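Notes for the structure review
Here is how the chains run, residue by residue.
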Amino acid sequence: SQTIHQWPATLVQPVGSPLSLECTVEGTSNPNLYWYRQAAGRGLQLLFYSVGIGQISSEVPQNLSASRPQDRQFILSSKKLLLSDSGFYLCAWSVRRIRGTDTQYFGPGTRLTVL
Amino acid sequence: KQEVTQIPAALSVPEGENLVLNCSFTDSAIYNLQWFRQDPGKGLTSLLLIQSSQREQTSGRLNASLDKSSGRSTLYIAASQPGDSATYLCAVSNQAGTALIFGKGTTLSVSS
(Lines give C-alpha, C1' and ligand atoms only; values in the text may rest on other atoms or scores of the structure.)
Protein backbone atom coordinates (compact mmCIF):
# COMPACT_ATOMS: atom_id res chain seq x y z
CA SER A 1 0.00 0.00 0.00
CA GLN A 2 1.01 3.59 -0.55
CA THR A 3 2.27 5.75 2.30
CA ILE A 4 3.20 9.41 2.40
CA HIS A 5 5.54 10.83 5.03
CA GLN A 6 6.25 14.40 6.06
CA TRP A 7 8.74 15.79 8.50
CA PRO A 8 9.12 17.48 10.77
CA ALA A 9 5.64 17.41 12.29
CA THR A 10 6.07 20.80 13.93
CA LEU A 11 8.63 23.56 13.50
CA VAL A 12 9.20 26.93 15.14
CA GLN A 13 11.59 29.19 13.27
CA PRO A 14 12.69 32.82 13.60
CA VAL A 15 12.01 35.33 10.84
CA GLY A 16 14.82 35.33 8.29
CA SER A 17 15.91 31.74 8.93
CA PRO A 18 15.98 29.08 6.19
CA LEU A 19 13.42 26.31 5.80
CA SER A 20 13.44 22.78 4.48
CA LEU A 21 10.40 20.51 4.66
CA GLU A 22 10.56 17.03 3.24
CA CYS A 23 7.93 14.72 1.83
CA THR A 24 8.42 11.15 0.64
CA VAL A 25 6.01 8.67 -0.88
CA GLU A 26 6.27 4.89 -0.70
CA GLY A 27 4.51 2.17 -2.64
CA THR A 28 3.98 3.97 -5.95
CA SER A 29 6.02 5.16 -8.91
CA ASN A 30 5.89 8.32 -11.03
CA PRO A 31 3.36 10.10 -8.86
CA ASN A 32 2.22 13.68 -9.20
CA LEU A 33 3.33 15.52 -6.07
CA TYR A 34 1.87 18.64 -4.48
CA TRP A 35 2.64 21.16 -1.74
CA TYR A 36 -0.29 22.99 -0.14
CA ARG A 37 -0.44 25.55 2.64
CA GLN A 38 -3.38 25.97 5.00
CA ALA A 39 -3.38 29.30 6.80
CA ALA A 40 -5.93 30.29 9.42
CA GLY A 41 -9.13 31.52 7.80
CA ARG A 42 -7.77 31.18 4.28
CA GLY A 43 -8.39 27.59 3.28
CA LEU A 44 -6.03 25.27 1.47
CA GLN A 45 -3.81 26.92 -1.15
CA LEU A 46 -1.76 25.06 -3.74
CA LEU A 47 1.89 26.19 -3.70
CA PHE A 48 3.69 23.82 -6.08
CA TYR A 49 3.06 20.68 -8.04
CA SER A 50 5.35 18.31 -9.89
CA VAL A 51 4.67 15.75 -12.62
CA GLY A 52 8.23 14.36 -12.64
CA ILE A 53 11.80 14.67 -11.39
CA GLY A 54 13.00 18.23 -11.78
CA GLN A 55 9.62 19.41 -13.09
CA ILE A 56 8.11 21.99 -10.76
CA SER A 57 5.17 24.30 -11.38
CA SER A 58 4.54 27.23 -9.08
CA GLU A 59 1.01 28.41 -8.48
CA VAL A 60 1.61 31.56 -6.47
CA PRO A 61 4.52 34.01 -6.25
CA GLN A 62 6.28 33.84 -2.88
CA ASN A 63 9.63 33.39 -1.20
CA LEU A 64 9.26 29.61 -1.21
CA SER A 65 10.70 27.12 -3.67
CA ALA A 66 10.28 23.42 -4.30
CA SER A 67 12.50 20.69 -5.66
CA ARG A 68 12.06 17.06 -6.64
CA PRO A 69 15.47 15.41 -6.57
CA GLN A 70 14.04 11.88 -6.72
CA ASP A 71 10.85 10.38 -8.10
CA ARG A 72 9.19 10.04 -4.70
CA GLN A 73 10.78 12.93 -2.83
CA PHE A 74 9.46 16.48 -2.74
CA ILE A 75 11.15 19.28 -0.79
CA LEU A 76 9.82 22.71 0.14
CA SER A 77 12.42 25.36 0.92
CA SER A 78 12.94 28.97 1.76
CA LYS A 79 16.10 31.02 2.11
CA LYS A 80 14.54 33.55 4.49
CA LEU A 81 11.24 32.95 6.26
CA LEU A 82 8.62 35.67 6.69
CA LEU A 83 5.97 35.90 9.39
CA SER A 84 3.36 35.29 6.69
CA ASP A 85 4.91 31.87 5.97
CA SER A 86 3.37 30.48 9.16
CA GLY A 87 0.79 27.80 8.50
CA PHE A 88 0.08 24.13 8.09
CA TYR A 89 1.98 22.63 5.14
CA LEU A 90 0.56 19.56 3.48
CA CYS A 91 2.16 17.32 0.89
CA ALA A 92 0.01 15.15 -1.35
CA TRP A 93 0.39 12.65 -4.18
CA SER A 94 -1.83 11.34 -6.94
CA VAL A 95 -1.55 8.96 -9.85
CA ARG A 96 0.14 10.76 -12.73
CA ARG A 97 -2.20 12.31 -15.26
CA ILE A 98 -1.55 14.66 -18.13
CA ARG A 99 -4.84 16.47 -17.54
CA GLY A 100 -6.86 16.71 -14.38
CA THR A 101 -6.02 14.83 -11.22
CA ASP A 102 -7.26 11.66 -9.62
CA THR A 103 -7.82 11.25 -5.92
CA GLN A 104 -5.12 13.04 -3.94
CA TYR A 105 -3.66 11.43 -0.84
CA PHE A 106 -2.35 13.73 1.82
CA GLY A 107 0.45 13.46 4.34
CA PRO A 108 0.09 14.27 8.04
CA GLY A 109 1.32 17.85 7.58
CA THR A 110 3.92 20.15 9.14
CA ARG A 111 2.85 22.94 11.48
CA LEU A 112 5.23 25.87 10.89
CA THR A 113 5.30 28.86 13.21
CA VAL A 114 7.51 31.79 12.28
CA LEU A 115 8.27 34.14 15.16
CA LYS B 1 -10.43 31.95 -12.19
CA GLN B 2 -12.11 29.02 -10.47
CA GLU B 3 -13.53 29.73 -7.01
CA VAL B 4 -15.04 27.20 -4.64
CA THR B 5 -17.47 28.18 -1.90
CA GLN B 6 -18.81 26.01 0.91
CA ILE B 7 -21.91 26.76 2.93
CA PRO B 8 -22.40 26.71 5.86
CA ALA B 9 -19.00 27.45 7.38
CA ALA B 10 -20.00 25.62 10.54
CA LEU B 11 -22.81 23.27 11.50
CA SER B 12 -23.86 21.69 14.81
CA VAL B 13 -26.36 18.83 14.90
CA PRO B 14 -27.47 16.19 17.39
CA GLU B 15 -26.51 12.59 16.81
CA GLY B 16 -28.71 10.69 14.38
CA GLU B 17 -29.64 13.60 12.12
CA ASN B 18 -29.28 13.48 8.38
CA LEU B 19 -27.44 16.50 7.02
CA VAL B 20 -26.35 18.16 3.80
CA LEU B 21 -23.18 20.12 3.13
CA ASN B 22 -23.07 22.39 0.12
CA CYS B 23 -20.32 23.26 -2.33
CA SER B 24 -20.48 25.59 -5.32
CA PHE B 25 -17.91 26.41 -8.00
CA THR B 26 -17.79 29.22 -10.54
CA ASP B 27 -16.36 27.45 -13.62
CA SER B 28 -18.34 24.40 -14.71
CA ALA B 29 -15.50 23.06 -16.89
CA ILE B 30 -14.20 20.71 -14.22
CA TYR B 31 -12.42 17.37 -14.54
CA ASN B 32 -13.71 16.01 -11.24
CA LEU B 33 -14.85 17.04 -7.78
CA GLN B 34 -13.58 15.58 -4.54
CA TRP B 35 -14.76 15.64 -0.94
CA PHE B 36 -12.26 15.38 1.89
CA ARG B 37 -12.42 15.15 5.66
CA GLN B 38 -9.90 16.87 7.94
CA ASP B 39 -9.61 16.24 11.66
CA PRO B 40 -8.05 19.03 13.78
CA GLY B 41 -4.30 19.30 13.21
CA LYS B 42 -4.30 16.41 10.77
CA GLY B 43 -3.96 15.87 7.06
CA LEU B 44 -6.85 15.31 4.67
CA THR B 45 -8.62 12.04 4.06
CA SER B 46 -10.31 11.50 0.71
CA LEU B 47 -14.00 10.59 1.04
CA LEU B 48 -15.48 10.60 -2.45
CA LEU B 49 -14.46 11.53 -5.97
CA ILE B 50 -17.04 12.32 -8.65
CA GLN B 51 -15.92 12.46 -12.27
CA SER B 52 -17.41 15.26 -14.36
CA SER B 53 -19.52 12.72 -16.28
CA GLN B 54 -21.05 11.29 -13.11
CA ARG B 55 -24.02 12.49 -11.08
CA GLU B 56 -23.27 10.93 -7.71
CA GLN B 57 -21.05 8.65 -5.67
CA THR B 58 -21.83 6.72 -2.50
CA SER B 59 -19.67 5.31 0.26
CA GLY B 60 -21.39 3.91 3.33
CA ARG B 61 -23.43 6.68 4.96
CA LEU B 62 -22.02 9.29 2.58
CA ASN B 63 -23.53 10.31 -0.72
CA ALA B 64 -22.12 13.06 -2.92
CA SER B 65 -23.98 14.53 -5.87
CA LEU B 66 -22.74 16.71 -8.70
CA ASP B 67 -24.67 19.14 -10.91
CA LYS B 68 -21.92 20.41 -13.16
CA SER B 69 -24.09 22.75 -15.22
CA SER B 70 -25.20 24.68 -12.15
CA GLY B 71 -21.80 24.46 -10.47
CA ARG B 72 -23.01 22.65 -7.36
CA SER B 73 -22.25 19.60 -5.29
CA THR B 74 -23.75 18.31 -2.07
CA LEU B 75 -22.44 15.87 0.49
CA TYR B 76 -25.21 14.01 2.29
CA ILE B 77 -24.38 12.34 5.60
CA ALA B 78 -27.00 9.91 6.89
CA ALA B 79 -27.56 9.13 10.56
CA SER B 80 -24.75 11.37 11.80
CA GLN B 81 -22.47 10.19 14.62
CA PRO B 82 -20.10 12.04 16.98
CA GLY B 83 -17.21 10.47 15.06
CA ASP B 84 -18.32 12.42 12.00
CA SER B 85 -17.23 15.65 13.69
CA ALA B 86 -14.54 17.18 11.48
CA THR B 87 -14.04 19.77 8.75
CA TYR B 88 -15.30 18.72 5.33
CA LEU B 89 -13.58 20.17 2.30
CA CYS B 90 -14.75 20.28 -1.27
CA ALA B 91 -12.24 20.60 -4.13
CA VAL B 92 -12.43 20.70 -7.93
CA SER B 93 -9.91 19.81 -10.57
CA ASN B 94 -10.01 21.86 -13.75
CA GLN B 95 -9.62 20.16 -17.11
CA ALA B 96 -6.51 22.11 -18.02
CA GLY B 97 -4.71 21.62 -14.74
CA THR B 98 -3.43 18.88 -12.53
CA ALA B 99 -4.13 20.41 -9.13
CA LEU B 100 -7.11 20.88 -6.84
CA ILE B 101 -8.85 24.12 -5.91
CA PHE B 102 -10.35 23.95 -2.45
CA GLY B 103 -13.21 25.58 -0.64
CA LYS B 104 -12.66 26.79 2.93
CA GLY B 105 -14.62 23.91 4.37
CA THR B 106 -17.59 23.25 6.62
CA THR B 107 -16.80 22.40 10.24
CA LEU B 108 -19.28 19.83 11.51
CA SER B 109 -19.96 19.09 15.16
CA VAL B 110 -22.20 16.15 16.06
CA SER B 111 -23.24 15.97 19.70
CA SER B 112 -24.21 12.78 21.49
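Residues numbered from 1 in each chain as written. Chains lettered and ligands numbered in written order. Predicted model: local features only at pLDDT ≥ 70, side-chain atom pairs only at ≥ 80, totals over all residues. Heavy atoms only, no water.

**Quick notes on the interface of chain B and chain A**
This is how it is decided: In this analysis, two residues are considered to be in contact whenever any of their non-hydrogen atoms come within 4.5 Å of each other. Defined in terms of a 1.4 Å probe, buried area is the accessible area two parts forfeit on being brought together, summed over both. Salt bridge, as used here: a side-chain nitrogen of Lys or Arg that lies within 4 Å of a carboxyl oxygen of Asp or Glu. Any pair of nitrogen or oxygen atoms within 3.5 Å is treated as a polar contact; in protein, a donor-acceptor pairing is required on top of that, and neighbouring residues in sequence qualify only through side-chain atoms on both sides. Numbered from the N terminus, helices here are DSSP runs of H or I no shorter than four residues, and strands are runs of E no shorter than two.
Taken together, the contact pairs 22 residues of chain B with 24 residues of chain A. In total, about 1700 Å² of surface goes out of reach between chain B and chain A, with carbon and sulfur atoms giving 54% of it. Scanning the region where chain B abuts chain A turns up zero salt bridges. Taken together, the links from chain B to chain A amount to three residue pairs in polar contact (both at pLDDT 80 or more). Among the elements of the structure, β4 (30-38), β5 (44-51), β9 (86-94) and β10 (100-102) of chain B are those that each provide at least two residues to the side of chain B that touches chain A. For the side of chain B that touches chain A, the element with the highest residue contribution is β4(B), accounting for five residues.

**Some words on the packing of aromatic side chains**
Counted only if it meets this: Ring pairs shown here join Phe, Tyr and Trp side chains whose ring centres sit within 6.5 Å, with only the six-membered ring taken for Trp; geometry is labelled stacked below 30 degrees between planes, edge-to-face above 60, and tilted in between.
By the definition in use, this model includes nine aromatic pairs over all chains. A ring pair is formed by A:Tyr36 and B:Phe102, whose centres lie 5.4 Å apart and whose planes are at 90°; its orientation type is edge-to-face. One end of the pair, A:Tyr36, is in strand β4 (residues 32-39); the other, B:Phe102, is in strand β10, on a second chain. Among the aromatic residues, those joined into a ring-pair cluster are A:Tyr34, A:Tyr36, A:Tyr49, A:Phe106, B:Phe36 and B:Phe102.

**A word on the pattern of salt bridges**
All names here are of chain B. Applied cut-off: Working definition: with a 1.4 Å probe on protein chains only, accessible area under 20% of the residue-type maximum means buried, over 50% means exposed, and in between means partly exposed.
All told, the structure shown has four salt bridges over all chains when counted by the stated rule. For aspartate 39, the salt bridge goes to arginine 37, with nearest N and O atoms at 3.0 Å. Judged by its relative accessible area of 17%, arginine 37 falls in the buried class.

**Topic: the nonpolar core**
Residue and element names in this part refer to chain B. Filter applied, for reference: Residue types Ala, Val, Leu, Ile, Met, Phe, Trp, Tyr and Cys, when buried and joined through side-chain atoms within 4.5 Å, form a set referred to as a nonpolar core.
In terms of nonpolar packing, the biggest core is built from 22 residues, with Phe25, Leu33, Trp35, Leu75, Ile77, Tyr88 and Leu108 touching the most fellow members. Sorting the residues of this core by element identifies β3 (19-25), β4, β5, β7 (62-67), β8 (72-77), β9 and β11 (106-111) as the ones contributing at least two each. Setting aside residues up to four positions removed in sequence, leucine 108 forms contacts with Leu11, Val13, Leu19, Ile77, Asp84, Ser85, Ala86 and Tyr88.

**Notes on the sheet that holds strand β7 (residues 64-70) of chain A**
Residues and elements named next belong to chain A. Operational definition: Here the rule is simple: two strands pair whenever DSSP picks up at least two bridges between them. Only the contacting stretch of a helix is used when fitting its axis, a line to C-alpha atoms as for every element, and angles between N-to-C directions run 0 to 180 degrees.
Here four strands make up an open sheet; going across it, the order is β1-β3-β8-β7 and the pairing antiparallel. Where the open sheet ends on each side, the last strands, each with one partner, are β1 (3-7) and β7. Looking at each pair of strands side by side, their axes are set apart by 20° on average, direction ignored. Pairing between β7 and strand β8 (residues 73-78): five bridges, direction antiparallel. Bridged to leucine 64 within β8 is serine 78.

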